[in-house]
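# Residue-level structural notes
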Amino acid sequence: MAVPLFETENLEFSYNSRQSRPSLDNINIAIHKGVRAVVLGANGAGKSTLFYQLNGVLKPKKGVVKYNGKPIDYSQNSLYALRNEVCVAVQNPDEQIFSVTVEEDIAFGLFNTGVHREIIDKSIDDALFKVGMAGYRKKPVSQISKGQRKRVALAGAFAVNPKVLILDEPTAGLDPQTSCEVMEAIDQISITGTSVIISTHDVDLAYAWADEIYVLKNGKMIYSGEPGAFFSDKKSVISAELAIPHSFSVNSYICSMRGESETPYPRTDSQVICKILPSDAKVGKIRLIRTSKSVPDIGKIDERIGIYGFNTRRLFMDSGLPVDYNFNAVEHCIIEALNGNNVTLYCDECIADKIDSRIKSLSQFGKCPEVI
Amino acid sequence: MSEQQQMDTLVYGSRMVSWSPLGKLLFTITILIVNICTDSLFVPIVTFAIGIVMLFYSTVCKIPKFILLALLGAILIIVIGVIMVLITGNDESCVIWDDHILWLHICVTEISFNKAWLVFLRSIAGMTVMISFATSTPVPHLSQGLNQIHVPNEVTELITLIYRYAFLFLERMEIMWNAAQCRMGFNGFMNTMRTTATIAVGMFITSFDMASKAQIVLECRNYRGVFPVYNMPAKMSVKWILASVIIFAAIFVLGCYTSNTINMAKICGFI
Amino acid sequence: MSGSDLVNISTKNLSFSYKYSYTKSLNNITINIKNGVKTVILGSNGAGKSTLFFQLNGVIKPDIGSVKIDGVTLKYRRKDLKFARSKIYIVFQNPDEQIFGQTVEDDIAYSLRNIGMSKDLIAERVEDALFQTGLTEIREKSTLQLSYGQKKRLIIAGAIAMRPKVLIMDEPTAGLDPQMSLEVMEIIEYLHYNGTTIVMSTHDVNLAYAWADEINVLRKGELIYTGVPETFFSDLPAVYSSGMILPSIFVINKSICSMKGISEAPHPRTETQLFSKLASGPKGTLIIADIKNIENIPEGTHIGVFGVIAKKTVNDRKLKVDYCFNGFELCVGDCISGTNATLICDAGCIPLVEYKLSILRNMGSDIPYRTLGRGDA
């Protein structure tokens, strides 16, 4: 078995000795490369504290943290090297942002990780585009809204292009569409090779996105592994002060009504719908088009159009082409197809295969739309 | 939006924001010095004109009300000073008005009258020039500019951070102020005092909180002890030095030639 | 005038912009907040939700337009403002910004003291507010030592003590974990049922859909929709242009209905309502137990709690409970699946529970229930 990206052994930590219980207590965790990991827990469960252990900001009182199989070396130089690869973005953007203008702040992180001056300009532009803040480069931070600051803070983390991106509550305080955009950006970043770990208490988000979840409660880890198994144990969900995701309870109800097995667990609305779709239903086709550098010709298509990926988004925005689903498009297109209509999904070349297999994996739930 | 935030908006929207902060500073100081080098009344009029032109150019002809109010307040203070200059003339020269009111010996002479005008015009002109500088140069730019003349890094970083956090405090304070209003915290004198004190304590706690978190986040962002700056403001070029020398020479010469050519006492018909 | 203690806020052509901002924060807003209607102001970040709230109790004065409270135009005199703010209370999103007292009790009494209420009356009100939010135990604790959830409950207690006619809540569940959100929503639901008009802003569409009678959608300072949620969510372009998405339950109901060829209406808004609509077959009985009748709870059913007071009682007596939050939804879920369940709640909540069951009945599932101590229903 491959060496885990992060591994902790009997990790224990408290901020000061007067605490009634340690902030982290005997945590054994192994997060593998490329796995979409979510740390789930109520407020004060120790999510952020755990993250600060992973990039060496806090040193455990007991136990070890291993990165790529080697225990973290807490000497200053190796910490710098570690943090070049492992980037943590904290929850509150006002704590994260140090500079007075947007571009200065993103450049701050880039300089710290030793990025060359020549490519900083492009990195800033790209990162701001990814979070939908392209026009705000020169703005002073004090003049943009809280939600926009959150996006700038995320852009700061995206820009340094780390090997591991750790995001503390990336969608907290963002409205639903912006959350979708941010999650889409995170999705693409993770598909293209960065390991992403996020923390959240939004169970719907965690359930839909995670490959693996790590559930913390009062500093102890009470579950690690595949999400379905955790949520099927109502008692432990409740004791972790969490809730049951919508898709999970809808599925479990419908299954008990029809007397079917709850597994495989559908995690998104589209998967739920796919599962309950009668076998004789007419399903539309998804035309998956890989966008390259040129503007796609959409002249004669009269289907609904979705776009996914930075490149595609940029192409469509620059050329002003009409789009029906410009956020969360994969989900929307699948639902549209399941309702019997044909749709077109434009997406970036580099993520197209992944999207393709994601759509095809619907076949485990029932009838899946054909991809052409 | 607080006045500081309005000022911030104004400064970052200025047409002169990308000019070299040190250059602007040198130019401003030069004008301020030449303003008081000669005692011609023409000089402050000219510098006032320069100041106003700069102010209008910098703010795209939109001077916010609060700046005008600040200006008005300053003028009031200046007027008081000017009156003091005016009434304390030496009664050996040409006297316009000499009187005793209560214990005050008022003596307005031709010289004191002219001097008062000079002081008044100089102050107004100086103020205008300084405001035009202040509305076109963000504080972080200025501190980074100072860094270019070898003021230590620590000082400039501190100024930048304070500037950033000042706005966080202001925002927070505004929200708490609104919250107190919603909870009727300003209902009567005692309540107002109590509420204000509580807000002050709250801000104090917030600042502690922020400082402790900033340390962790700086580490997360791989801070290495130096605060890098991406867009260094433009350095001071020779142009700025030339412009400053020329403006100094021109105004100084003008001042020397026109010294004593305007006699306000005569114009006003006192003598 | 009909009923002087019914506060009804309306605004007419309200416009407001912050100084030196080129865009209007609020543009020509005409809104009616009706007495007793659960109103949600829905909008993306920066749509003007908070700005609107500050107009309603006179903290911000509109540039154009007027605010009417109970049909009387708000004049911004000291006396009128005092009246407006004691009738209309705003609970902020971040509790840290609204806590002004050193201890829990102290903070609850803050507003009451500011309006010069008598000591005895303050003590009574504080006691009641502490009880309703389950904070009695920690009444003397310093506000600095509270957890985030406790702070949130504290500012709601501060609101309860004022007994406002209209309670405005700015993003009441933002930043709260699921259990705390449900707790806060249970308190809100209880307050509403007991006659407080509640207005809430949020961008959580699932929450808005589940709770609201009427939604007002703001987009960049303009009011683009007022009315029942379903109509708004059926208009996709409007939903997307206002930065929103469709609520999960709405999407699933729509798909299921089109598959089965049945009508989308009545629209279920919560999971249990959705199940009620789809369910056939035998239902379990819901046993509603008042906290005084805890001893008589039959063995062998799942037990849930509803409401803060019930939760506190259960905790104090160290009773074993299966669903210590979201009790109503989970118990009813059991009943729809055909097993019996017991719901423990405060006596005052029983009518609310009955009302919630009646909504399920409209969806198609008549869940039998009996209330302990009242004989069989």
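What comes next is a walk through the structure. (Residues numbered from 1 in each chain as written. Chains lettered and ligands numbered in written order. Predicted model: local features only at pLDDT ≥ 70, side-chain atom pairs only at ≥ 80, totals over all residues. Heavy atoms only, no water.)

Time to look at unusual backbone geometry. Note that the residue after Ala-265 of chain C, namely Pro-266 of chain C, is joined by a cis bond; omega there is -5 degrees. Here Pro-266 of chain C shows up in the loop between α10 (248-260) and α11 (271-278). Positive phi is not limited to glycine here, since Asn-218 of chain A has a value of about 45 degrees. Within the secondary structure, Asn-218 of chain A sits in the loop between β9 (212-217) and β10 (220-225). Within the chain, Glu-171 of chain C stands out as a residue other than glycine whose phi angle is a positive 45 degrees. (Helix = DSSP H or I, 4+ residues; strand = E, 2+ residues; numbered from the N terminus.)

Quick look at the packing of aromatic side chains now. Enumeration according to the criterion identifies 34 aromatic pairs over all chains in this entry. Pairing Tyr-163 of chain B with Phe-167 of chain B gives two aromatic rings, centres 5.1 Å apart and planes at 80 degrees, and the pair type is edge-to-face. With Tyr-163 of chain B and Phe-167 of chain B both in helix α7 (residues 153-182), this residue pair falls 4 residues apart, about one helical turn. Phe-167 of chain B carries the same exposure label as Tyr-163 of chain B, and that label is buried. Ring-pair connections join several aromatic residues into one group, and the members of that group are Tyr-207, Tyr-223, Phe-230, Phe-231, Phe-248 and Tyr-265 of chain A. (Phe/Tyr/Trp six-rings, centres within 6.5 Å; stacked < 30°, edge-to-face > 60°. Buried < 20%, exposed > 50% of the residue type's maximum accessible area, 1.4 Å probe, protein only.)

Residues and elements named next belong to chain A. Pairing is parallel across the open sheet formed by 4 strands, whose spatial order is β12-β13-β11-β14. For this open sheet the edge positions go to β12 (304-308) and β14 (370-371), each flanked by a neighbour on one side alone. With 2 bridges joining them, strand β11 (residues 285-291) and β14 adopt parallel strand pairing. What sits directly across from Ile-286, in β14, is Val-371. Here helix α14 (residues 329-338) sits on the sheet and contacts β11, β12 and β13 (343-348); the angle it forms with β13, its principal contact strand, is near 160 degrees. (Pairing = 2+ DSSP bridges. Contact = heavy atoms within 4.5 Å. Axes fitted to C-alpha atoms, helices over the stretch in contact; angles between N-to-C directions.)

Here the structure, examined in full by the defined rule, presents 46 salt bridges over all chains. A salt bridge links Lys-49 of chain C to Glu-171 of chain C; the shortest N-O distance between them is 3.7 Å. With a gap of 122 residues between them, Lys-49 of chain C in helix α1 (residues 49-56) and Glu-171 of chain C in the loop between β7 (166-170) and α6 (178-193) connect regions that are remote in the sequence. For Lys-49 of chain C, a relative accessible area of 6% puts it in the buried group. Look at Glu-171 of chain C and you get buried, because its relative accessible area is 9%. Three or more residues joined by partner-sharing salt bridges are found here, namely Asp-94, Lys-146 and Arg-149 of chain A together with Arg-164 and Glu-171 of chain B. (Salt bridge = Lys/Arg side-chain N within 4 Å of Asp/Glu carboxyl O.)

With that out of the way, let us pick up the interface of chain C and chain A. Facing 40 residues of chain C, the contacting portion of chain A comprises 38 residues. Together chain C and chain A conceal approximately 3200 Å² of surface at their shared face, both sides included; 63% is due to carbon and sulfur atoms. Summed over the shared surface of chain C and chain A, the result is 1 salt bridge. A salt bridge links Asp-322 of chain C to Lys-235 of chain A, with the shortest nitrogen-to-oxygen separation between them at 3.6 Å. Our count for the chain C to chain A interface comes out at 13 residue pairs in polar contact (both at pLDDT 80 or more). Elements with a minimum of two residues in the side of chain C that touches chain A: α6, α7 (205-211), α9 (236-241), α10, α11 and α13 (327-336) of chain C. With 8 residues, α10 of chain C is the largest single contributor of residues to the side of chain C that touches chain A. (Buried area = accessible area lost by both parts, 1.4 Å probe. Polar contact = N/O pair within 3.5 Å; in protein donor to acceptor, adjacent residues only side chain to side chain.)

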